[in-house]
Amino acid sequence: MILRQLTCRATVNSHLCSHLRKSWGSQDMARPSSDLAAFREIFSKAKDIAILTGAGVSAESGVPTFRGAGGYWRKWQAQELATPEAFSRNPSRVWEFYHYRREVMLTKNPNAAHLAIAECEERLSKQGRKVTVITQNIDELHRRAGSKNILALHGSLFKTRCVSCGHETANYSSPICAALQGKGAPDPDTDDARIPVQDLPRCEQVHCHGLLRPAVVWFGEALDSDVLVHAENVLDTCDLCLVVGTSSVVYPAAMFAPQVAARGITVAEFNMENTPATMQFKFHFHGPCGTILPPALARHKAEEH
């Protein structure tokens, strides 16, 4: 597949979007179907299902997406803070941003879409069928919903990596360090806490004590090669692909489903709006993911009991 040609996280611009549309095929595309019964027949026969999920799924749990109008933390957009350069310039500010996001996530729960995906995976596994979730989200709501077969493309809010020794570990502490207690308010008039770097989260490995960073993939950084190769293998072998709550503008993930469609595999999009990739797909179901996805993934009459 084309995935290895573009492995750094980036938001696509209009020129690249136009170029990629042409590369996916210049022929006139049929408008995607919204025939749920037709999708369900294909779903009932699929043995290896890939489900790509994005921010739209988490948004229905009340998770801030930091996109579009109002998508700011204080006076910055996520793309201005979620970069190695931003962390190098001001680790205190970036840690305030991620502390805020971690604390918010501790108050949120998986919604009907997360639960439908997890139930589908468990049910189909008993039939010798496979479901793999490939998510751009870093909130771990799929895991909390019960999904087991998850590829987290952009890492996790609840993992840290040491910038000195590279050690990565899960961390669910609230707050993650004493200096961040009560910090991270998103209001535009909130002043930076200016926490001394020695008081920010530090590595607990013996003889290290290096500065920790969130173990997430920032804009401009390469995705984890093992995760990317695993995702590529899933997408190369799946016989059905669902695209759920993703804007199809963050690369390389935005390339995944169109590449699956290009090899003749059915792709179904579930989203609140059309995306730059919608016309590449066989199905498009419009509406909140928590409303439209559960009936699509429910037990089919043809399934074994």
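Residues numbered from 1 in each chain as written. Predicted model: local features only at pLDDT ≥ 70, side-chain atom pairs only at ≥ 80, totals over all residues. Heavy atoms only, no water.

Draft legend 1. Region of the structure containing the overall build of the chain. Along the backbone of the chain there are 11 helices and 13 strands. Put simply, 74% of the contacts in the chain that link residues at least 6 apart link residues at least 24 apart. Accessible surface, the chain: about 14,100 Å² in total, of which carbon and sulfur atoms supply 50%. (Helix = DSSP H or I, 4+ residues; strand = E, 2+ residues; numbered from the N terminus. Contact = heavy atoms within 4.5 Å. Areas by Shrake-Rupley, 256 points an atom, 1.4 Å probe, with all protein chains shown as cover.)

Draft legend 2. Summary view of the packing of helix 7 (residues 112-125) against helix 11 (residues 289-297). Two elements in contact, helix 7 and helix 11, have axes separated by 8 Å at closest approach and are oriented at 15°. Classified by the angle their axes make, helix 7 and helix 11 are roughly parallel. The hand of the helix 7/helix 11 crossing is left-handed. Taking contact as the criterion, the partners of Ala-112, Ala-113, Ala-116, Ile-117, Cys-120 and Arg-123 in helix 7 are, on helix 11, Cys-289, Gly-290, Leu-293, Pro-294 and Leu-297. Here the residues of the contact of helix 7 with helix 11 are counted per class, giving nine nonpolar, one polar and one charged. (Axes fitted to C-alpha atoms, helices over the stretch in contact; angles between N-to-C directions. Parallel < 35°, antiparallel > 145°, perpendicular 65-115°, else oblique. Left-handed = near helix turned anticlockwise from the far one by under 90°. Nonpolar A, V, L, I, M, F, W, Y, C, P; charged D, E, K, R; others polar.)

Draft legend 3. Inspection of the packing of aromatic side chains at higher detail. Applying the stated criterion across every chain, the model contains 12 aromatic pairs. With 5.8 Å between their ring centres and 80° between their planes, Phe-39 and Phe-270 make a pair best called edge-to-face. Here the residue Phe-39 occupies a position in helix 2 (residues 36-45), and Phe-270 occupies one in strand 12 (residues 267-271), the gap between them amounting to 231 residues. Across the pair, Phe-270 and Phe-39 agree in class, each one buried. Members of the aromatic cluster, each reached through a chain of ring pairs, are Trp-73, Trp-76, Phe-87, Phe-97, Tyr-98 and Trp-218. (Phe/Tyr/Trp six-rings, centres within 6.5 Å; stacked < 30°, edge-to-face > 60°. Buried < 20%, exposed > 50% of the residue type's maximum accessible area, 1.4 Å probe, protein only.)

Draft legend 4. How the structure looks around the sheet that holds strand 12. Taken in spatial order, the six strands of this open sheet run 6-5-2-10-12-13, and their pairing is parallel. Because the sheet does not close on itself, it has two edges, and the strands there are strand 6 (150-152) and strand 13 (283-286). The average angle at which neighbouring strand axes cross in this sheet is 15°, direction not considered. Two strands pair when backbone bridges link them, and strand 12 and strand 13 are joined in this way by four bridges, in the parallel orientation. Residue pairing in the sheet places Ala-268 in a bridge with Phe-283 of strand 13. (Pairing = 2+ DSSP bridges.)

Draft legend 5. Quick peek at the nonpolar core. Counting 32 residues, the largest nonpolar core has Trp-73, Trp-95, Phe-97, Tyr-98 and Trp-218 as its most contacted members. At the level of elements, helix 4 (78-81), helix 5 (84-89), helix 6 (91-105), strand 7 (155-162) and strand 9 (212-216) are the ones that each hand at least two residues to this core. Looking at this core, the element that brings in the most residues is helix 6, giving seven residues. Within the second largest apolar cluster, 24 residues are counted, among which are Phe-43, Ile-51, Val-131 and Leu-242. (Core = buried A, V, L, I, M, F, W, Y, C linked by side-chain atoms within 4.5 Å.)

Draft legend 6. How the structure looks around the pattern of salt bridges. Scanning the model with the defined rule gives 10 salt bridges in all. We note a salt bridge from Arg-123 to Glu-119, for which the minimum N-O separation is 2.6 Å. Taken together, the positions of Arg-123 and Glu-119, both in helix 7 and four residues apart, correspond to about one turn of that helix. In this structure, Arg-213 and Glu-221 form a salt bridge, with 2.8 Å as the shortest nitrogen-oxygen distance. We classify Arg-213 as buried; its relative accessible area is 8%. Several salt bridges converge on common partners, so that one network encompasses Arg-74, Arg-93, Glu-96 and Asp-192. (Salt bridge = Lys/Arg side-chain N within 4 Å of Asp/Glu carboxyl O.)

Draft legend 7. Inspection of helix 6 at higher detail. Along its 15 residues, helix 6 runs 21 Å from first to last C-alpha, staying within 8% of the 21 Å computed at 1.5 Å per residue. Where burial is concerned, most of helix 6 is hidden: 13 out of the 15 residues are buried. (Expected span 1.5 Å × (residues − 1).)

Draft legend 8. Here's a closer look at the sheet that holds strand 8 (residues 168-170). Pairing is antiparallel in the open sheet, where three strands are placed in the order 8-7-9. With one partner strand each, in any of the chains shown, strand 8 and strand 9 form the two edges of the open sheet. Sheet twist, expressed as the average angle between the axes of neighbouring strands with direction ignored, equals 40°. Where strand 7 lies against strand 8, three bridges are found, and the strand directions are antiparallel. Paired with Lys-159 across the strands is Ala-170, a residue of strand 8. Against the sheet, helix 6 makes contact with strand 7 and strand 9, and its axis sits at roughly 140° relative to strand 7, the strand it touches most.

Draft legend 9. Looking closely at the confidence of the model for the chain. Chain-level pLDDT for the chain is 91 on average; 89% of the residues reach the 70-or-more range. Taken as a whole, residues 12-28 scores under 50 in pLDDT and shows 15 contacts with residues more than four places along the chain or in a different chain. (pLDDT = per-residue confidence, 0-100.)

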